[in-house]
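Remarks on the overall topology
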Amino acid sequence: MIEWDPRLYKWEQIAKIVAERIKDGTYPPLTLISEVKLQEEFDVARVTVRKAMEALREQGLITTKPGKGSIVTPDDGS
């Protein structure tokens, strides 16, 4: 179980964890990232996960297509 830092929003912490997973290769380019699985893993509301996904999109780490889901953005060299 994750220990939440009370100084940060949960969505910020989830975004940071997912970003680290993307950077360390746990989630390689083109990997589908499931909001439902993240919701279950972190035991948070779906809106919290969506806010984290929005932050990851703003960082350019994921791309979301309606009806298709969110994938890890491919490296520029791919």
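Preceding block: the structure.
Below is a summary of the structure that appears in this document. (Residues numbered from 1 in each chain as written. Predicted model: local features only at pLDDT ≥ 70, side-chain atom pairs only at ≥ 80, totals over all residues. Heavy atoms only, no water.)

Now for the side chain of Thr-48. Mapped onto the fold, Thr-48 is located in helix 3 (residues 46-58). The class for Thr-48 is buried, based on a relative accessible area of 18%. Residues in contact with Thr-48, not counting those within four places in the same chain, are Lys-10, Trp-11 and Ile-14. (Helix = DSSP H or I, 4+ residues; strand = E, 2+ residues; numbered from the N terminus. Buried < 20%, exposed > 50% of the residue type's maximum accessible area, 1.4 Å probe, protein only. Contact = heavy atoms within 4.5 Å.)

In this section: the pairing of strand 3 (residues 69-72). Of the two faces of strand 3, only one is covered, namely that formed by Ser-70 and Val-72; the face formed by Gly-69 and Ile-71 stays uncovered. Sheet topology note: the strand 1 (residues 32-33)/strand 3 ladder contains two bridges and is antiparallel. Bridge assignment links Ile-33 to a residue of strand 3, and that residue is Ser-70. With four bridges connecting them, strand 2 (residues 62-65) and strand 3 associate as antiparallel partners. Counterpart to Thr-64 in the pairing with strand 3 is Ser-70. Here strand 2 hands over to strand 3 after three residues, with Gly-67 in that stretch at a positive phi of 80°. (Pairing = 2+ DSSP bridges.)

Further remarks concern the packing of aromatic side chains. In this structure the tally under the stated criterion is two aromatic pairs. Here the aromatic rings of Trp-4 and Phe-42 are separated by 6.2 Å at their centres, their planes lie at 50°, and the arrangement is tilted. In this pair, Trp-4 sits in the segment before helix 1 (10-23) while Phe-42 sits in helix 2 (residues 35-42), placing the two residues 38 residues apart along the sequence. Residue classification places Trp-4 among the partly exposed residues on the basis of a relative accessible area of 24%. Ring geometry for Tyr-9 against Trp-11: centres 6.2 Å apart, planes inclined by 15°, an arrangement best described as stacked. Under the relative-accessibility criterion, Tyr-9 is labelled exposed at 58%. One cation-aromatic arrangement involves Lys-51 over Trp-11; the distance from NZ or CZ to the ring centre is 5.1 Å. (Phe/Tyr/Trp six-rings, centres within 6.5 Å; stacked < 30°, edge-to-face > 60°. Lys NZ or Arg CZ within 6 Å of the ring centre and 35° of its normal.)

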